Amino acid sequence: MTFIELSGNNLLVTTSPHGFDMGYGQTPNTTSSSLVALSTASGSVQWTLQLDGFAFDIEPFAGGTYVTVVKGAQSNSNYGGMYGGTGSVSYGTRTLVAVGNDGKVLWSVPLNK
């Protein structure tokens, strides 16, 4: 699954080698994704950030973008993800990551408690 979002002067695009399965099969448990910033003026790549998990959702804020990163459970043999498109993650971990407009991670907070 790919997300595209305008944030400041950048067009942010998420990429993943496997995509994110919306509950119709298995979600790989050892995957990463990238957040790529393209200049809205030229289309050139401004920066790329590797994420440890799927970039599940992105939401811009003043000065950057929040990214929800979802990673499948290592002990659950390739299962985990969303079911029925409800946004609920049944297995694995979720992390909220704040990324500045320069592509640097400002902070991250685990969402599973």
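Bear in mind the structure is a predicted one, so any value in this text is a computation, not a measurement.

Calculation criteria
- Residues numbered from 1 in each chain as written.
- Predicted model: local features only at pLDDT ≥ 70, side-chain atom pairs only at ≥ 80, totals over all residues.
- Heavy atoms only, no water.
- Phe/Tyr/Trp six-rings, centres within 6.5 Å; stacked < 30°, edge-to-face > 60°.
- Helix = DSSP H or I, 4+ residues; strand = E, 2+ residues; numbered from the N terminus.
- Buried < 20%, exposed > 50% of the residue type's maximum accessible area, 1.4 Å probe, protein only.
- Patch = residues over 30% accessible without salt bridge, like charges linked within 9 Å, V, L, I, M, F, W, Y side chains within 5 Å.
- Areas by Shrake-Rupley, 256 points an atom, 1.4 Å probe, with all protein chains shown as cover.
- Salt bridge = Lys/Arg side-chain N within 4 Å of Asp/Glu carboxyl O.
- pLDDT = per-residue confidence, 0-100.
- Contact = heavy atoms within 4.5 Å.
- Pairing = 2+ DSSP bridges.
- Axes fitted to C-alpha atoms, helices over the stretch in contact; angles between N-to-C directions.

Chemist: Please clarify how the packing of aromatic side chains should be interpreted in this entry.
Modeler: Two descriptors summarise a pair of aromatic rings, namely the distance from one centre to the other and the angle between the planes of the rings. Under the counting rule described, the total for this entry stands at two aromatic pairs. For the pair Tyr66 and Trp107, a centre-to-centre distance of 5.9 Å together with 50° between the ring planes defines the contact as tilted. Of the two residues, Tyr66 is situated in strand β6 (residues 64-71) and Trp107 in strand β8 (residues 105-110); the sequence distance between them amounts to 41 residues. Here Tyr66 falls in the partly exposed class, since its relative accessible area comes to 30%. Relative accessible area serves as the criterion here: at 36%, Trp107 is assigned to the partly exposed category.

Chemist: What is the right way to look at a nonpolar patch on the surface in this model?
Modeler: There is a patch of nonpolar side chains on the surface, built from Tyr66, Leu106, Trp107, Val109 and Leu111 and spanning about 410 Å² of accessible area. Element by element, the count of residues in the nonpolar patch is highest for β8, at three residues.

Chemist: Would you explain the confidence of the model for the chain in this entry?
Modeler: Reading fine detail from the predicted coordinates is not recommended where pLDDT is low. Of the residues in the chain, 70% reach a pLDDT of 70 or more, and the chain-wide mean stands at 79. Residue range residues 76-86 is modelled with pLDDT below 50. Its contacts to residues more than four positions away, or to other chains, number 29 contacts.

Chemist: Quick question: what am I supposed to make of the side chain of Thr68 here?
Modeler: Counting through the fold element by element, Thr68 comes out in strand β6. By relative accessible area, Thr68 is classed as buried at 19%. Discounting chain neighbours no more than four positions away, the residues touching Thr68 are Phe54, Ala55, Phe56, Asp57, Thr95, Leu96 and Leu111.

Chemist: Which parts of the structure should I look at to understand the sheet that holds β8?
Modeler: Within a sheet, adjacent strands bond to each other through the backbone by hydrogen bonds, running parallel or antiparallel. Ordered in space as β5-β6-β7-β8, the four strands form an open sheet in which the pairing is antiparallel. A strand with exactly one partner marks an edge of an open sheet, and here the two such strands are β5 (54-61) and β8. In this sheet, adjacent strand axes meet at a mean angle of 20° when their direction is disregarded. As paired elements, β6 and strand β7 (residues 93-100) share eight bridges and run antiparallel to each other. Paired with Thr68 across the bridge in β7 is Leu96.

Chemist: Explain the pairing of strand β3 (residues 33-39) to me, please; I cannot follow it from the model alone.
Modeler: Side chains on a regular strand alternate between the two faces of the sheet. The element β3 is largely enclosed, with a buried count of six among its seven residues. Note that β3 and strand β4 (residues 45-51) share six bridges and pair antiparallel. In the strand pairing of β4, Ser34 is matched with Gln50. Count of turn residues in the β3/β4 antiparallel hairpin: five residues, of which Gly43 carries a positive phi of about 85°.

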